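# Architecture at a glance
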There are 2 protein chains.
Amino acid sequence: MILEVAILNIIPGQEDAFLKAFSEAKAIISKMAGYVSHQLKRCVENASRFILLVEWEKLSDHTEGFRGSKEYQEWKRLLHHFYDPFPTVEHYEIC
Amino acid sequence: MILEVAILNIIPGQEDAFLKAFSEAKAIISKMAGYVSHQLKRCVENASRFILLVEWEKLSDHTEGFRGSKEYQEWKRLLHHFYDPFPTVEHYEIC
């Protein structure tokens, strides 16, 4: 099991639009091969910041399967214009 | 429910000692009032980086209860010398 971690900084003022777009986008990721679960949470200290945690069965389900899919193009279209700066995504595993 | 998020950068070469210290420290946090669960995971892209996710019943269980406790002094003694830089800890909630 791999945990994808992305801290998402949203352009101030666009938080509600981001949340609306994410409610559409989550249906995309939830259907991908190797997807296990996700959580999107909002930062208490900075209301323009969110954390996206996605559990995948294995690393390549995200890095190759999802990012290489046609569905990812739709995910990007829905979400990527909200980010400033563009997030660094990392993966974490059991230690 | 509040999710505490800390990205922990460990001084290179001290990762195993950190993990050993954490195995002792987790017994401290697990007994605190308001503690729900925790996960410590290791970064795939950077083996000196870990993420600590702790679920608390409410924000003050961490910021006041744990950080104000005598047990936190022991947590600090066990763990804080491994970090470089010292981590920024944030809290996230359902959105």
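Here's a quick rundown of the structure.

Scoring rules and cut-offs
Residues numbered from 1 in each chain as written. Chains lettered and ligands numbered in written order. Predicted model: local features only at pLDDT ≥ 70, side-chain atom pairs only at ≥ 80, totals over all residues. Heavy atoms only, no water. Least-squares fit on C-alpha atoms with pLDDT ≥ 70 in both. Contact = heavy atoms within 4.5 Å. Buried area = accessible area lost by both parts, 1.4 Å probe. Salt bridge = Lys/Arg side-chain N within 4 Å of Asp/Glu carboxyl O. Polar contact = N/O pair within 3.5 Å; in protein donor to acceptor, adjacent residues only side chain to side chain. Helix = DSSP H or I, 4+ residues; strand = E, 2+ residues; numbered from the N terminus. Nonpolar A, V, L, I, M, F, W, Y, C, P; charged D, E, K, R; others polar. Pairing = 2+ DSSP bridges. Disulfide = S-S within 2.5 Å. Buried < 20%, exposed > 50% of the residue type's maximum accessible area, 1.4 Å probe, protein only. Expected span 1.5 Å × (residues − 1). Bend = angle between axes of the 7 residues up to and from the residue.

### Looking at the relation of the copies chain A and chain B
The transformation that overlays chain A on chain B combines an axial shift of 0.0 Å with a rotation of 180 degrees, and the residual RMSD is 0.0 Å. The operation mapping one copy onto its partner corresponds to a two-fold rotation axis. Mapped onto chain B, 100% of the interface residues of chain A are again interface residues, and the two copies thus contact each other with one and the same surface.

### Some details on the interface of chain A and chain B
When the parts come together, some accessible area is lost, and that loss is often what is quoted as the size of the interface. Contact residues are listed per partner, giving 21 residues for chain A and 21 residues for chain B. Regarding the contact of chain A and chain B, the summed buried area is about 2100 Å², with carbon and sulfur atoms giving 65% of it. Its largest share of buried area at the contact with chain B, chain A owes to K41(A), Y92(A) and C95(A), together 29% of the area lost on that side. The interface formed by chain A and chain B holds 2 salt bridges in total. Among the ionic pairs, E90(A) bridges to R49(B), the shortest N-O distance being 2.4 Å. Applying the counting rule to chain A against chain B returns 8 residue pairs in polar contact (both at pLDDT 80 or more). Only β1 (2-9), β2 (35-43), β3 (49-56) and β4 (89-94) of chain A provide two or more residues apiece to the side of chain A that touches chain B. A class-by-class count of the residues in the side of chain A that touches chain B yields 14 nonpolar, 1 polar and 6 charged. Here β4(A) pairs with strand β2 (residues 35-43) of chain B via 3 bridges, running antiparallel. Across the sheet, E93(A) pairs through a bridge with R42(B), a residue of β2(B).

### Some thoughts on the state of the cysteines
Tallied over the entire structure, the rule returns 0 disulfides over all chains. The thiol of C43(B) is not disulfide-bonded; the next cysteine sulfur, from C95(A), is found 11 Å away. Overall, the relative accessible area of 3% leaves C43(B) in the buried class.

### What about helix α1 (residues 15-29) of chain A?
Residues and elements named next belong to chain A. Compared with the 21 Å implied by 1.5 Å per residue over 15 residues, the 20 Å span of α1 between its first and last C-alpha is a close match. Largest kink in α1: about 30 degrees, centred on S23. For α1, every residue scored as buried is listed here: E15, F18, A21, F22, A25, I28 and I29. Structurally, α1 contributes buried residues whose contacts are with β1, β2, β3, α2 (59-66) and α3 (70-79).

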